[in-house]
Amino acid sequence: MSARVRKLVMFPVAFAFVAAAWEGYKAIGPANGGRLLGMRLLPRTNSRTMPHVWEMVSRLGRPEVRGGKQTILSVVTAATWYSFRVAFTAFVIGAVLGVAVAVLMARFRLVERGLMPYLIMSQTVPIIVLGPLIIGLMAYGSRDLVSKTWIAATLLGVFLAFFPVAVATLRGLQSTPPASMELMDSLASPWWRTLSKLRFPAAVPFIAPSLRIAGASAVVGVVVAEISLGIRAGVGRLILSYGQEATSDPPKLYTAVFGAAALGLVMALVVAVIDRQMMRRHPPEGV
Amino acid sequence: MDTAVPNPAVVVSGVRKVFNRGATNQVDALIDIDFTVQRGEFVSLIGPSGCGKSTLLRLIADLIEPTDGTLVVNGKPAHQARLDQDYGIASQHSGLFDWRTVERNIELPLELKGWDKSRRRARSAEMLALVKLSEFATHMPWQLSGGMQQRVAIARALAAHAELLLMDEPFGALDEMTREHMQAELLRICSETGTTVVFVTHSIPEAVYLADRVVVMSPRPGRITAMVDVGLGRDRSELTREATEFFDRVTEVREALRGTHVGDPIMGVDDR
Ligand SMILES: Nc1ncnc2c1ncn2[C@@H]1O[C@H](COP(=O)(O)OP(=O)(O)OP(=O)(O)O)[C@@H](O)[C@H]1O
Ligand SMILES: [Mg+2]
């Protein structure tokens, strides 16, 4: 229990460290940037480029636009929550699909042989081009673009989340201890019962860590899709549009960055809980 | 020879097993294997490491197929006997499932037989008492010592009360005291239930103490070189281990093993 409390305390502590480093550099760094090894590497510390942390935080409480009613906190929260729902949906679909495809590949050698090259090839496509591609394929000429881009963002998240889960599950299913397989054979266990009673549970230590990667990938996929497709509701879009206001309202951009960070963090927490639940019955590491 | 008795438990005839046939790493594991195990009989298989004892057991269990020859188990082809779950098996490696509690590991064969939960729980409790692990029913296997894990695997093999038990060095990881206790328990169960056992071991005294008949094997290619009838009767106790007949049989088996290796030390066979 105390270990869990310690882990939770870690978050504010880590945040405080980043804030302190930010303010520390801001205090000692060159106001107009500087050269390092002959290159302009050091960022400027003036308040246009690096606003104070408390300015960013206080910006959260003020309205999004001058004279508007909604505080920026509620706008960013709503956008983050929207993106989280999309990313989580993508994560769940991607993970389920990944496991399903891996089971098929484990069952039929032919499916594995036929599918594996495409799977590996698919991961070499730069994701930034995929969003418009998906939109182009499914909504060409349609006016109802908002719902379609929502689906496109989900698809991109699914696409990225699917791969690590499929590969890890397949590896897990293929590394069942032969002695255990023989035991199930000696009990005349049919293939699917061997899968549910032995091979799948034995693959869980492979699958659980791949879910963490899948969660992070789903977030990346969805945010990238939001940025490249211009989805109004998501946090990716906020980063883009607030970035355009960086000269007039510097802290604003960072409120959206907070939202994106929170999105990744919440996803990581949710996936960590799933991971723990899955590994509940397995020996802890080092046993 | 003893095929005249109706419906023996195991009949192995003309069995040969070649691994990786035709490849450079071809292994002639077994050759000319003929033997019969009568119902209710306890047969020990002994021989130096690598002579094919586990291979022979896995052939009887239909986990691998013979290159030549036939195996009949419970009056039917070995394959059918496996599908009918006619035997219980405890292999050299305990092979417990990490994610199942001790009792649920023991219940695995019963689940596959379609027993309902209360019946399974009752049987696993009975088996746990037998291997003296009742307090560990809800522990996970990785919380147990190696010897305790092996006892769970034995309980699992016994759980379905199969008529035929195939055991591959099941007591290998146990200390001397537990080993002797388990040997006595195994003999008691077998005589009470009339179970047939094929028992692979490295230990000559263990082979003799347990068995009605000891099958002695030689390596490369593995073949049967001698059959020693133990003839100590069915009532065996701690006194049996000190009887002169017992030592005579131990000597007989040892000499049979020596005969297979003139002058060589016997690799992998325990004299203790
Ligand atoms: N799956 C396999 N593929 C190839 N060779 C095998 C296989 N299984 C066993 N062998 C070979 O068959 C021979 C007999 O092996 P087996 O495991 O039956 O020996 P064993 O008598 O049980 O030995 P031990 O007492 O050490 O357990 C060995 O030479 C081994 O290398
Ligand atoms: Mg062996």
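Residues numbered from 1 in each chain as written. Chains lettered and ligands numbered in written order. Predicted model: local features only at pLDDT ≥ 70, side-chain atom pairs only at ≥ 80, totals over all residues. Heavy atoms only, no water.

Participant: Would you take a moment to explain the overall build of chain A for this structure?
Facilitator: Counting secondary structure elements, chain A contains 10 helices and two strands. If you list the helices and strands of chain A from N to C, you get α-β-β-α-α-α-α-α-α-α-α-α. Considering only contacts within chain A whose residues lie at least 6 apart along the sequence, 68% involve residues at least 24 apart. Of the accessible surface of chain A, which amounts to about 16,100 Å², a share of 69% is contributed by carbon and sulfur atoms. (Helix = DSSP H or I, 4+ residues; strand = E, 2+ residues; numbered from the N terminus. Contact = heavy atoms within 4.5 Å. Areas by Shrake-Rupley, 256 points an atom, 1.4 Å probe, with all protein chains shown as cover.)

Participant: Can you walk me through the overall build of chain B in this structure?
Facilitator: Counting its regular elements, chain B contains eight helices and 10 strands. Taken over C-alpha atoms, the radius of gyration comes to 18 Å for chain B, in line with the 19 Å a tight globule of 272 residues would show. Buried residues in chain B amount to 56% of all 272 residues. Sequence-distant contacts in chain B: of pairs separated by 6 or more residues, those separated by 24 or more amount to 69%. Split by element, the accessible area of chain B, about 11,600 Å² in all, is 50% carbon and sulfur. For chain B, the distance from the average site of its 31 positive side-chain charges to the average site of its 38 negative ones is 5 Å. (Rg over C-alpha atoms; globule rule 2.2 N^0.38 Å. Buried < 20%, exposed > 50% of the residue type's maximum accessible area, 1.4 Å probe, protein only. Lys, Arg positive; Asp, Glu negative; His and termini not counted. Charge placed at Lys NZ, Arg CZ, Asp CG, Glu CD.)

Participant: I tried to follow the site of ligand 1 on my own but got confused; where do I start?
Facilitator: All names here are of chain B. Around ligand 1 sit 14 residues in total, of which S49, G50, K53, S54 and T55 are the nearest. Between ligand 1 and G52, the relevant distance is 3.0 Å, taken from an oxygen atom to a main-chain nitrogen or oxygen of the residue. One nitrogen or oxygen atom from the side chain of T55 is found 2.5 Å from an oxygen atom belonging to ligand 1. Here ligand 1 has 630 Å² of accessible area as a free molecule, and 69% of this is covered by the chains. Among the secondary structure elements, those contributing two or more residues to the shell around ligand 1 are β2 (27-37) and α1 (53-60). Per element, the largest residue contribution to the shell around ligand 1 is three residues, and it comes from α1. (Near = heavy atom within 4 Å. Polar contact = N/O pair within 3.5 Å; in protein donor to acceptor, adjacent residues only side chain to side chain.)

Participant: Could you clarify how one ought to interpret the pattern of salt bridges in this entry?
Facilitator: Close approach of charged atoms lets side chains of opposite charge pair. For the structure on display, the rule yields 20 salt bridges over all chains. For R39(B), the salt bridge identified is with E163(B), shortest N-O distance 2.9 Å. Residue R39(B) is located in the loop between β2 and β3 (42-46), and its partner E163(B) is located in the loop between α5 (146-159) and β7 (164-168); the two are separated by 124 residues in the primary sequence. In this structure, R104(B) engages E111(B) in a salt bridge whose closest nitrogen and oxygen atoms are separated by 3.7 Å. By relative accessible area, R104(B) is classed as partly exposed at 31%. Residues participating in the shared-partner salt-bridge network are K197(A), R100(B), R104(B) and E111(B). (Salt bridge = Lys/Arg side-chain N within 4 Å of Asp/Glu carboxyl O.)

Participant: Is there a simple way to explain helix α6 (residues 176-193) of chain B in this structure?
Facilitator: All names here are of chain B. In this model, α6 (18 residues) spans 26 Å end to end at C-alpha, consistent with the 26 Å of a helix rising 1.5 Å per residue. Listing the buried residues of α6 in full gives T178, R179, M182, Q183, E185, L186, L187, I189 and C190. For α6, the secondary structure elements touched by its buried residues are β3, α4 (117-130), α5, β7, β8 (196-201) and α7 (204-210). Directly after α6, the chain includes G194, whose backbone phi takes a positive value near 70°. (Expected span 1.5 Å × (residues − 1).)

Participant: Please explain the interface of chain A and chain B as it appears in this structure.
Facilitator: By a frequent convention, interface size equals the accessible area lost on bringing the separate parts together. Counting from both sides, the interface comprises 19 residues of chain A and, opposite them, 20 residues of chain B. Summing both partners gives a buried area of about 1,900 Å² for chain A against chain B, and 66% of it is carried by carbon and sulfur. In terms of surface lost to chain B, no three residues of chain A exceed L187(A), K197(A) and R281(A), which account for 29% of the buried area on that side. Put simply, chain A and chain B have two salt bridges between them. As a salt-bridge pair, R58(B) and E182(A) come within 2.7 Å of each other at their nearest N and O atoms. (Buried area = accessible area lost by both parts, 1.4 Å probe.)

Participant: Help me out: how do you make sense of the domain arrangement of chain A in this one?
Facilitator: All names here are of chain A. Considered domain by domain, chain A is made up of domain 1 (1-50) and domain 2 (62-278). Between domain 1 and domain 2, the contact holds seven residues from the first and eight residues from the second. Across the domain 1 to domain 2 interface the summed buried area is about 540 Å²; carbon plus sulfur atoms make up 66%. The largest contributions to the domain 1 side of the interface with domain 2 come from R4, F11 and R48, which together make up 62% of the buried area. (Domains from an automatic or database assignment.)

Participant: Which parts of the structure should I look at to understand the nonpolar core?
Facilitator: Note on soluble globular proteins: their nonpolar side chains tend to be buried together. Ranked by size, the top nonpolar core spans 52 residues in total, and within it F42(B), V208(B), V214(B) and V253(B) carry the most contacts. The biggest single contributor to this core is α5(B), with eight residues. Leaving out residues up to four positions away in the same chain, V214(B) has contacts with S44(B), I46(B), A207(B), V208(B), A226(B), M227(B), V228(B), V230(B) and V253(B). Listed in part, the 51 residues of the second largest apolar core include V103(A), M105(A), I134(A) and V219(A). (Core = buried A, V, L, I, M, F, W, Y, C linked by side-chain atoms within 4.5 Å.)

Participant: I would appreciate a short explanation of the sheet that holds β8(B) in the present structure.
Facilitator: Within a beta sheet, neighbouring strands are joined by backbone hydrogen bonds and run either parallel or antiparallel to one another. Residues and elements named next belong to chain B. Reading across the sheet, the six strands line up as β6-β7-β8-β3-β9-β10 and stay open at both edges, with mixed pairing between neighbours. Every other strand in the sheet has two partners, leaving β6 (87-90) and β10 (223-229) as the edge strands with one partner each. Pairwise comparison of adjacent strand axes, ignoring direction, gives a mean angle of 15° for this sheet. Contacting β6 and β7, α5 runs over the sheet at an angle of about 170° to β6. Strand contacts of α6: β3, β7 and β8, with the helix running at about 140° to β3, the strand carrying the most contacts. (Pairing = 2+ DSSP bridges. Axes fitted to C-alpha atoms, helices over the stretch in contact; angles between N-to-C directions.)

Participant: Would you explain the packing of aromatic side chains in this entry?
Facilitator: Within a pair of aromatic rings, the relevant descriptors are the distance that separates the centres and the angle that separates the planes. With the rule as written, the count across this model stands at nine aromatic pairs over all chains. Where F246(B) meets F247(B), the ring centres are 5.7 Å apart and the plane angle is 70°; that geometry is what we call edge-to-face. Members of the aromatic cluster, each reached through a chain of ring pairs, are W81(A), F84(A), F88(A) and F91(A). In this structure, R107(A) packs its charged tip against the face of W191(A), placed 4.8 Å from the ring centre. (Phe/Tyr/Trp six-rings, centres within 6.5 Å; stacked < 30°, edge-to-face > 60°. Lys NZ or Arg CZ within 6 Å of the ring centre and 35° of its normal.)

Participant: Where do I start with the environment of Q38(B) in this structure?
Facilitator: Residues and elements named next belong to chain B. Along the chain, Q38 turns up in the loop between β2 and β3. Classification of Q38 by relative accessible area gives buried; the value is 14%. Spatially, the C-alpha atom of Q38 lies 9.7 Å from that of V197, the residues being 159 residues apart in sequence.

Participant: Even after reading the chapter, I still don't get the environment of L174(B), so can you show me in this structure?
Facilitator: All names here are of chain B. Secondary-structure assignment places L174 in the loop between β7 and α6. Once the C-alpha coordinates of L174 and R236 are considered, the two residues, 62 residues apart in sequence, prove to be 21 Å apart. Apart from the residues lying within four places of it in its own chain, the contact partners of L174 are G147, Q150, R151, R179 and M182.

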